[in-house]
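Chain and residue survey
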Amino acid sequence: MAGWKGIVGNNYVAESFDSYCHSLAWSAWRPSFIVLHNTGIPSLAQRPQGLTAKHLDSLQAYYRDQQGWKGGPHLFIDDQQIWVFTPLTVSGTHSPSWNKVALGIEMLGDYEKEPFHSGRGLAVRRNTVSAIATLCAILGLDPHTLRLHREDPLTTHACPGKNVRKLEIIQEVQDLMVQRHAGEHPIKPVA
Ligand SMILES: [Zn+2]
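Now for a description of the structure that goes with this document. (Residues numbered from 1 in each chain as written. Predicted model: local features only at pLDDT ≥ 70, side-chain atom pairs only at ≥ 80, totals over all residues. Heavy atoms only, no water.)

Throughout the structure, instances matching the rule amount to nine salt bridges. Linking Asp79 and Arg120 is a salt bridge whose minimum nitrogen-to-oxygen distance equals 2.8 Å. Here Arg120 lies in helix H3 (residues 119-139) and Asp79 lies in the loop between strand E3 (75-77) and strand E4 (82-84), a separation of 41 residues in the sequence. Bridged by salt links that share partners, the residues Arg125, Arg165, Glu168 and Glu172 form one connected network. (Salt bridge = Lys/Arg side-chain N within 4 Å of Asp/Glu carboxyl O. Helix = DSSP H or I, 4+ residues; strand = E, 2+ residues; numbered from the N terminus.)

And the structure:
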């Protein structure tokens, strides 16, 4: 498909993802906020070992060849790692109203049915909160600008499922950003 933007295809854990993002330059395109999704299908149960490079290749074939799109979501996050799909420095395809202005993050799972507060869902959530905190810090994004795909007026998808509560995610992102950058201005020493 002409115009396909390619995929990065690398996977990271929270710390190495942070280092990776520090190496990027958003000179041609700069996102204004982040849109959160869940894959629905496949669910966590359908990917007992999480996502593999082979799964990413299949996703690439699906978006590029079947959908005829130029890109996909930027990240696929499972319980073990953060996969970079469409390069973070170019616009992707994930949410009709916001593709031009937002990064798209897919979480592996169907959080309409699968728990997001325990087990593998909780691990996905932690990886996701960490990735969002990294992107907000580097791009200077206010965590409150986070949107869920289901908030897009042009979609009918109930994505992500109801177990994903936006304000909880925002709070956790804020807490993590504070924890990572816990410095304060020093109090002037008394002369
Ligand atoms: Zn979605």
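Approximately 640 Å³ is the volume attributed to the largest pocket. Lining the largest pocket are 30 residues, and of these Thr39, Tyr62, Tyr63, Glu106 and His157 sit closest to its centre. Looking at the lining of the largest pocket, the elements with two or more residues in it are strand E2 (33-38) and helix H2 (53-66). The dominant element in the lining of the largest pocket, judged by the number of residues it contributes, is H2, at five residues. (1 Å grid on protein atoms, 1.4 Å probe; cavity = no way out; pocket = protein on both sides within 12 Å on 5 of 7 lines; lining within 4 Å. Points joined across faces, edges and corners; volume = space filled by probe spheres on them.)

End to end, H3 covers 31 Å across 21 residues, agreeing with the expected 30 Å (1.5 Å per residue, within 8%). With its phi angle positive at about 70°, Gly140 sits one or two positions after the end of H3. (Expected span 1.5 Å × (residues − 1).)

Right, let's get into the coordination of the zinc ion. Donor atoms from the polypeptide that coordinate the zinc ion comprise His37 (ND1), His149 (ND1) and Cys159 (SG), at 2.0 to 2.2 Å from the metal. One chain supplies every donor to the zinc ion, and in sequence these donors are spaced H-x111-H-x9-C. You can see His37 sitting in strand E2 and its partner Cys159 sitting in the loop between strand E6 (147-148) and helix H4 (166-180), a full 122 residues away along the chain. This pair shows no difference in class: His37 is buried, exactly as Cys159 is. (Donors = N, O, S within 2.8 Å, 3.2 Å for Na, K, Ca; no water. Buried < 20%, exposed > 50% of the residue type's maximum accessible area, 1.4 Å probe, protein only.)

Functional significance is not addressed by these values, which are geometric in nature.
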